[in-house]
Amino acid sequence: MSQKWTYSFGGGAAEGRSTMRNLLGGKGANLHEMSAIGLSVPPGFTLTTEVCTHFVASKGDYPDGLNDQVNAAIAKLETIMGAPFGGGADEGKVLLLSVRSGARASMPGMMDTVLNLGLNDEAVEILAAETGDGRFAYDSYRRFVQMFGDVVLGVDHYHFEDLLEDYKLDHALTLDTDLTVDDWKALLPKYIGAIEKQTGNPFPQDPRQQLWAAIGAVFHSWTNKRAQTYRMLHDISDEWGTAVNVQAMVFGNMGDDSATGVCFTRNPSTGENMFYGEYLVNAQGEDVVAGIRTPQPLSNSEKERSSLHLPSLEELMPKLYAELDDVRHALERHYSDMQDMEFTIQKGKLWILQTRGGKRTTKAALKIAVDMVSEGLIDSNEAIRRIEPSHLDQLLHPTLDPKAPRDILGQGLPASPGAAFGKLVFTAKAAEEWAERGEAVILARVETSPEDISGMHVSKGIITTRGGMTSHAAVVARGMGKPCISGMGDITVNVKDKTLTAMGVVLKEGDLVTVDGSAGQLMRGTVPTVEPEFSGDFGTLMGWADQVRRLGVRANAETPTDAKVARGFGAQGIGLARTEHMFFDPERIIHMREMILASDEQARRVALDKLLPYQRQDFSQLLSIMEGLPVTIRLLDPPLHEFLPDQPADIENVAKALGVSAEDIIRRSKDLHEFNPMLGHRGCRLAITYPEIYEMQTRAIFEAAADLVKSGHTIYPEVMIPLVADREELTRLKALVVKTADAVLAEQGVELSYHVGTMIELPRAALQAGEIAKDAEFFSFGTNDLTQTTYGLSRDDAGRFLQIYREKGVMQFDPFVTIDQAGVGELVKIGTERGRAERPGLKVGICGEHGGDPASIHFCHDTGLDYVSCSPYRVPIARLAAAQAALGGDVKTNA
Ligand code: PEP
Ligand code: MG
């Protein structure tokens, strides 16, 4: 016997089940499932995805045995429906079919559908007689001719629409519904004539010929450009193929006792447990979505909320509504999830055409998951699996009103989520001046540097034309919870002229723009925003997540505001406080510059002494906000030139303030210039040459700590040394830190246990982790630098061409966003293993941007890391992703 290529369903039975979605496609699998559980589904059969694979591989051939199986399946259908396919004059009845695609993953609108198939010049007469409605029969026939012409034969729909418009003009008719049976009868030969003219062939009257042509067209549509692009964007494999569902037609347009509609078993935007949907009386499915007639609300409660006062289905057809409501409950119980259904009522009989997991907002997803646990439909672990962690972002930031129109100026990388509008400014200084006057500003830069921090702080949103997802702007904006678009290569920012040029439009300083950091879109003017809401469901779900996760979640934060936000979001400490961000305040930067420009150690120490009180205050705040939790403070990391002024006016000011000449500053800047500063004099290398810098920072940490301990606080400071490549660097710097810390504690008469550890952010450090662990009391993987140095790819510039790599399929993901498990991940594994082999139980975390990326968090869980550290607004995302990782398995959905 040949392989089974078709699976029949209907009449209370089915050959397939919902578990067979790979073979039958999502739509097909659910049609089989609904038939099997006794719902009234128009009978039909599914041609499997394997037929598609065969069809594509053989360039249009069908497998042996398919023809016989299709004939047998049609015969079964004819028996159930009591009508012959294509009509029988003797029976006075006609069976018409729909032919629809249905892939394993939903691909809405990407592939083709043909309805009313089987009509021809004879069958239309039988249909007219059978239904007693000539107008309906001829309207159905012309719809079929147009759809078949368009979808199967490639005759563009405007040919038919033009004919219809001309006819209406000639006969002074306005609406389609004004056309009588005679009008459609007169139009049909014109439609058929158009097909014959365009294709050079007669319109096929033979129903089986129509059927095979339609099946071929659907399979063929799997390879059309639109579908290919959609698959690429949604990670759907070309190999999967689509199934084809052939089903008996039922009609919602057979009069006032017929209707058709779409519905959700719960409200998809709020998640409320109410029946939610729309329908039209005497209409076909396409009319509901076409927007020509205003659909009516399904239930009375929806009607009450709407201002349109259209009759609900509950009012008009109460018995059928009750039946539909029963189906709603049955489907929810069966699938344990909110469903999106389509139905048709044909002459008082209800048919269910489709069900699938309903798309929903994150707010609705949370409510539905939490409600379903209390209703006993799912358990809390399943609720955790139901929420896509990255979608939580939608709840944590203001978002643009989805209903508001957008005048889009450009697209870049969605570097930091949220939305904001404000007036354009082009320098950090201007941002501060405008903000001082109470203006909301959006800062536009080519890229940002630490010098821009205070300007960024007062801006509502940030855009940069260069840089990727881990550029300075992106990292800082995410930390601040501000929307940011980076890498907007198509727009030009001219700081000198204070202009931004996008799509031929030139905007000036002060012009209003809106930033959508979640979509990476810049808009002209203002688009209204909606504020985030933290419902109780959010807290409930997070509580469940915390119970199952193994990974700790800390935050990257160095300002009191960020630390508070992080703690509020449930961070279990700080995993990375970047101390360099603490030196840009105008009061402090001057001392920092003095330190950098100093000609000898003694002069450097004088300047460092002035910075010490500021640092002490910073650390005191962080440690007390995170009372009872660990705070990892990273000592100074970036190359020093980042702190020096580069604009002539700034150089003058600094020179004046420090009592040196502008030339001195320029000369010193030149001395500090490096060709590859990211690979240069930075990180621990700064302290090997100038130990007094780390000495001052350590002193500040432990003076702050000692004060807090004396006033009864419980604190856990951790000192972290960056960019270590060799154990010797750490040995020396740890000795310096311990000596300084112990001296301060002794001076203050305080006992405090603390830890000194290191970042592992260079390949050599990962390989030498065993040696390094002899000194390091903890590791934190700095996967931003580790990715940069493993790939030899600049984290600040790569965004410009990585996009092209992705488009060309050279790279499937951005390694600065999602950890590259094959390379960088391998180093993380090696580093962890070697470190723990030397020092059993070594605490290991990650504090690169990957610490907030769900896929990378799964990797960290699997690799046995102790914690991830991420920007404050990602803390809830990380808590949920860590819980999902602990639960294992794929996220379940029948969408
Ligand atoms: C890293 O390199 O991953 C890291 C966290 O440090 P930074 O981003 O500050 O270089
Ligand atoms: Mg780093």
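Residues numbered from 1 in each chain as written. Chains lettered and ligands numbered in written order. Predicted model: local features only at pLDDT ≥ 70, side-chain atom pairs only at ≥ 80, totals over all residues. Heavy atoms only, no water.

1. Brief notes about the coordination of the magnesium ion (ligand 2)
1) Next: Distances from the magnesium ion (ligand 2) to its protein donors, Glu-761 (OE) and Asp-785 (OD), fall at 2.0 to 2.1 Å. You can see Glu-761 sitting in the loop between strand S29 (755-760) and helix H29 (763-767) and its partner Asp-785 sitting in helix H31 (residues 783-791), a full 24 residues away along the chain.
2) Next: Classification of Glu-761 as buried rests on a relative accessible area of 2%.
3) Next: When its relative accessible area of 4% is taken as the criterion, Asp-785 is described as buried. (Donors = N, O, S within 2.8 Å, 3.2 Å for Na, K, Ca; no water. Helix = DSSP H or I, 4+ residues; strand = E, 2+ residues; numbered from the N terminus. Buried < 20%, exposed > 50% of the residue type's maximum accessible area, 1.4 Å probe, protein only.)

2. Focus on the sheet that holds strand S22 (residues 512-516)
1) Next: One open sheet accounts for eight strands, arranged S13-S23-S22-S15-S16-S17-S18-S14; its pairing is mixed. The open sheet has two edge strands with one neighbour each: strand S13 (408-411) and strand S14 (413-416). Put simply, the sheet's adjacent strands are angled 30° from each other on average, direction ignored. (Pairing = 2+ DSSP bridges. Axes fitted to C-alpha atoms, helices over the stretch in contact; angles between N-to-C directions.)

3. Structural notes on helix H3 (residues 66-81)
Side chains three or four residues apart in an α-helix point the same way, a direct result of the helix having 3.6 residues per turn.
1) Next: Given a rise of 1.5 Å per residue, 16 residues ought to cover 22 Å, and the 22 Å separating the end C-alpha atoms of H3 matches this to within 8%.
2) Next: Buried residues of H3: Leu-66, Gln-69, Val-70, Ala-73, Ile-74 and Leu-77, and no others. Seen from one end, H3 has its buried residues packed into an arc of 135°, which puts them on one side. Exposed side of H3, more than 90 degrees from the buried face: Asp-68 and Thr-79 are the residues found there.
3) Next: Turning to H3, the residues buried within the fold contact strand S1 (6-10), strand S3 (44-47), helix H2 (49-57), strand S4 (97-103), helix H8 (207-221) and strand S6 (242-248). (Expected span 1.5 Å × (residues − 1). Arc of directions from axis to C-beta. Contact = heavy atoms within 4.5 Å.)

4. Structural notes on the pairing of strand S25 (residues 552-556)
1) Next: In terms of residue burial, S25 counts as a mostly covered element, since five of its five residues are buried.
2) Next: Alignment of S25 against strand S32 (residues 867-870), held across four bridges, turns out to be parallel. Note that in S32 the partner of Ala-555 across the bridge is Cys-870.
3) Next: In this sheet, strand S26 (residues 574-578) lies alongside S25 in parallel orientation, the contact comprising two bridges. Across the sheet, residue Ala-555 finds its bridge partner in S26, namely Ile-574.

5. A look at the packing of helix H20 (residues 536-548) against helix H35 (residues 875-887)
Any two packed helices are characterised by how steeply their axes cross, that is the angle between the axes, and by the distance between the axes.
1) Next: In the contact formed by H20 and H35, the axes pass within 8 Å of each other and the chain directions differ by 45°. Of the possible angle classes, the one that applies to H20 and H35 is oblique. Judged by the twist between their axes, the crossing of H20 over H35 is left-handed. Residues Phe-538, Leu-541, Met-542, Ala-545, Asp-546 and Val-548 of H20 lie in contact with H35, whose contacting residues are Pro-876, Arg-879, Leu-880, Ala-883, Ala-886 and Leu-887.
2) Next: Among the residues forming the contact of H20 with H35, the class breakdown is 10 nonpolar, no polar and two charged. (Parallel < 35°, antiparallel > 145°, perpendicular 65-115°, else oblique. Left-handed = near helix turned anticlockwise from the far one by under 90°. Nonpolar A, V, L, I, M, F, W, Y, C, P; charged D, E, K, R; others polar.)

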